[in-house]
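# Secondary and tertiary structure notes
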Amino acid sequence: MKDDPIPDQDHIARYCSFQKLAGGLPQPTAFMLKRDRPGSPTEESLSVNWLEYLECTDRISEIAEIRRIYHETFDVGAQAKMAVLNVGEVREKVRTESPDRRILQVLHDPIEPKDPSHSGIYNLRQNDRVIAELIAETVLESYSAR
Amino acid sequence: MPELALQEKAAQDATAIYGVKFTLDDSPVDLSNISTWPLDPRAQPATMYKAGISPTVNQEYREATVNGWTENEDPFTQANLLDSEDNKVQQLISQIRISTFIPNNARLVNRLITLFNAAKEEYPDSPGISVDSIHSFYHFLQKHTYLKYPIITLTPDNEIYASWKGVQNQVFSVHFVSNENTHFVIFKPNENNPERKIISYGTDTADTLMKTVAFTGICDWISDER
């Protein structure tokens, strides 16, 4: 359900465009919010997908399903990747190491009907560079986004 | 000052080779004084400029060209082109290309063009790379010619984010927004508490940033000792 917190033991995938990769690895810029611009909607959270919500049997199947969702919802860059993170690790890392001991929330934010596993990392601010660096340190795996 | 003298020599050489005016002071780049792309005389404009024939975005170590940039035979009679954000980015990249005193300048240029192409591919109406950001990055590179090659990516606002990573998860990252507005993040190990890290962050101008962060000792590991 919308706004349900994702359990700490679960995993999320974050789409990372080529500009936010180096050597094929997601960099801190993949975990930054876009700044407000006149006429553009405010980005309140980092979009992610909740892998366990998909109820697949293994990680490979989850990744295949996320690729299908990406393909159906936006233009996927040829070199783009998805970063897989553990929810609890992200939250713990940021809570214990960020200067303001920030408590992030990772909430289910389904977009029906095409993207029901869509979720968000909340309580981020624009220009949270330190937190973006910390989140980047928790990336477990990365996969091609298509 | 020997370093400045060396830079001036390189600039004079560049001017002699490429026939462009090139200054080394810290004042903003006067784009009207910059010649057209590409400044490398080996380049073949007839084939370099056509959209659709350039390398794909993951080929940054190869000579890169820029998708969709139109050929500009006489920029001095096409003043309107100077108003274009893409054209300004193109010219600043050209400046880096001829700035042979900047270490790894060819590699930097290829990386920037690759990022520009990728950003344009994803969002054709975006600036590719922010002009203010690349301007700030260029001034920073001009001033600090001793730095190792950084990891370069773009923020969601198409601004340059350069990172240097050292042993024990040391990090020095700079977000180039404009000359007046650069932001840094430093992670360094806490020797008294190895499981913790010391985090420094702040905002400064591009020209004084390195002086500001010198106390953290980052120059010991981000400098290229060659």
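About the thresholds
- Per-chain numbering applies: the sequence of each chain, read as written, is numbered from 1 onward.
- To label them, take the chains in the order written and letter them from A, then take the ligands in the order written and number them from 1.
- Whole-chain, interface and lining totals are the exception, using all residues; otherwise, since this is a predicted model, local features are given only for residues with pLDDT of at least 70 and side-chain atom pairs are given and counted only at 80 or more.
- To get the side-chain values, all heavy atoms of the structure are used, and hydrogens and water are removed first.
- A helix here means a DSSP run of H or I that spans at least four residues, while a strand means a run of E at least two residues long, and both kinds are numbered starting from the N terminus.
- To get the radius of gyration, use the C-alpha atoms; to get the globule rule, take the number of residues to the power 0.38 and multiply by 2.2 Å.
- Relative accessibility decides the category of a residue: with a 1.4 Å probe and only protein chains considered, values under 20% of the type maximum give buried, values over 50% give exposed, and everything between is partly exposed.
- The protein chains shown are the only cover counted for residues, whose accessible areas, like all others here, come from Shrake-Rupley with a 1.4 Å probe.
- The predictor attaches a confidence to each residue, called pLDDT, with possible values from 0 through 100.
- Whether two residues are in contact is decided by their heavy atoms: any pair within 4.5 Å suffices.
- Any two cysteine sulfur atoms lying within 2.5 Å of each other are counted as a disulfide.
- Note on definitions: buried area is the accessible-area loss of two parts on being combined, 1.4 Å probe, summed for both.
- In the sections that follow, a salt bridge refers to a side-chain nitrogen of Lys or Arg positioned within 4 Å of a carboxyl oxygen of Asp or Glu.
- Distance and chemistry together define a polar contact, namely a pair of N or O atoms within 3.5 Å, with one atom able to donate a hydrogen and the other to accept it when in protein, and with adjacent residues in sequence counting only for side-chain atoms on both sides.
- Charged residues are taken to be Asp, Glu, Lys and Arg, nonpolar residues to be Ala, Val, Leu, Ile, Met, Phe, Trp, Tyr, Cys and Pro, and polar residues to be all remaining types, Gly included.
- Following DSSP output, two strands are said to pair if at least two bridges run between them.
- Angles shown run from 0 to 180 degrees and are taken between the N-to-C directions of axes, each axis being a line fitted to C-alpha atoms and, for helices, limited to the stretch in contact.
- We define the nonpolar core as a collection of buried residues of types Ala, Val, Leu, Ile, Met, Phe, Trp, Tyr and Cys that are connected through side-chain atoms lying within 4.5 Å of one another.
- Pairing of aromatic side chains requires ring centres within 6.5 Å, counting the rings of Phe and Tyr and the six-membered ring of Trp. Pairs whose planes differ by under 30 degrees are stacked, by over 60 edge-to-face, and all others tilted.

Now for the overall build of chain A. Scanning chain A from terminus to terminus reveals 3 helices and 8 strands. Each helix (α) and strand (β) of chain A, taken in turn from the N terminus, gives the series β-β-β-β-α-β-α-β-β-α-β. Relative to the compact-globule value of 15 Å for 146 residues, chain A shows a C-alpha radius of gyration of 14 Å, a close match. C-alpha atoms of chain A, sized along the principal axes, occupy 40 × 35 × 30 Å. Looking at the 146 residues of chain A, the share that counts as buried comes to 52%. Accessible area for chain A stands at about 6,800 Å²; split by element, carbon and sulfur atoms hold 49% of it.

This part covers the confidence of the model for chain B. Residues and elements named next belong to chain B. In this model, chain B carries an average pLDDT of 73, and 62% of its residues clear a pLDDT of 70 or more. No element of chain B has a lower mean pLDDT than helix H2 (residues 45-48), at 30, and none a higher one than strand S1 (residues 151-154), at 98. Considering only residues more than four positions removed or in separate chains, one finds that residues 68-83, a stretch of pLDDT under 50, has 26 contacts. Interface scoring of the predicted complex returns ipTM 0.96; its pTM is 0.80.

Inspection of the entire model under this criterion finds 0 disulfides over all chains. Free of any disulfide, Cys16(A) has its nearest neighbouring cysteine sulfur in Cys56(A), separated by 19 Å.

Counting residues at the interface gives 28 residues for chain A and 30 residues for chain B. For the chain A and chain B pair, buried surface summed over both sides reaches about 2,500 Å², with 53% attributable to carbon and sulfur atoms. Taken together, chain A and chain B are joined by 4 salt bridges. Between Glu159(B) and Arg35(A) there is a salt bridge, with the nearest N and O atoms lying 2.4 Å from each other. Scanning the region where chain A abuts chain B turns up 15 residue pairs in polar contact (both at pLDDT 80 or more). Considering only residue class, the side of chain A that touches chain B consists of 11 nonpolar, 7 polar and 10 charged.

So, about the sheet that holds strand S2 (residues 160-165) of chain B. All names here are of chain B. Read across the sheet, 5 strands follow the order S1-S2-S3-S4-S5 without closing on themselves; strand pairing throughout is antiparallel. Either end of the sheet is taken by a strand with one partner, and the two such strands are S1 and strand S5 (197-204). Across the sheet, the mean angle separating the axes of adjacent strands is 15 degrees when strand polarity is ignored. Where S1 and S2 come together, 4 bridges link them in antiparallel fashion. Counted as the bridge partner of Ile-152 is Ala-162 from S2.

Now for the sheet that holds strand S6 (residues 105-108) of chain A. Residue and element names in this part refer to chain A. As summarised here, the arrangement of the 6 strands in space is S6-S7-S4-S1-S5-S8, forming an open sheet in which the pairing is antiparallel. The sheet is open, and its two borders are formed by S6 and strand S8 (141-144), each paired with just one other strand. Sheet twist, expressed as the average angle between the axes of neighbouring strands with direction ignored, equals 35 degrees. Its contacts with the sheet put helix H1 (residues 59-73) on strand S1 (11-16), strand S4 (46-50), strand S5 (81-86) and S8, and the angle it makes with S5 is roughly 130 degrees.

Glancing now at the nonpolar core. Judged by nonpolar contacts, the single largest core of 38 residues is most densely connected at Leu112(B), Phe137(B), Ile160(B), Trp164(B) and Phe172(B). Beyond its immediate sequence surroundings of up to four residues, Trp164(B) is in contact with Phe140(B), Leu147(B), Lys148(B), Tyr149(B), Pro150(B), Gln170(B), Val171(B), Phe172(B), Val174(B), Trp221(B) and Ile222(B).

This next bit is on the packing of aromatic side chains. Residues and elements named next belong to chain B. Taken as a whole and judged by the stated rule, the model has 8 aromatic pairs over all chains. Taking 5.1 Å as the distance between ring centres and 65 degrees as the angle between the ring planes, the aromatic pair formed by Phe-137 and Phe-176 counts as edge-to-face. In this pair, Phe-137 is assigned in helix H6 (residues 131-143) and Phe-176 in strand S3 (residues 171-178), connecting sequence segments 39 residues apart. Take Phe-137: its relative accessible area is 0%, and that puts it in the buried class.

Another point: the environment of Asp132(B). Among the structural elements, Asp132(B) can be located in helix H6. Contacts of Asp132(B), omitting those with residues within four sequence positions, involve Val177(B), Ser178(B) and Asn179(B).

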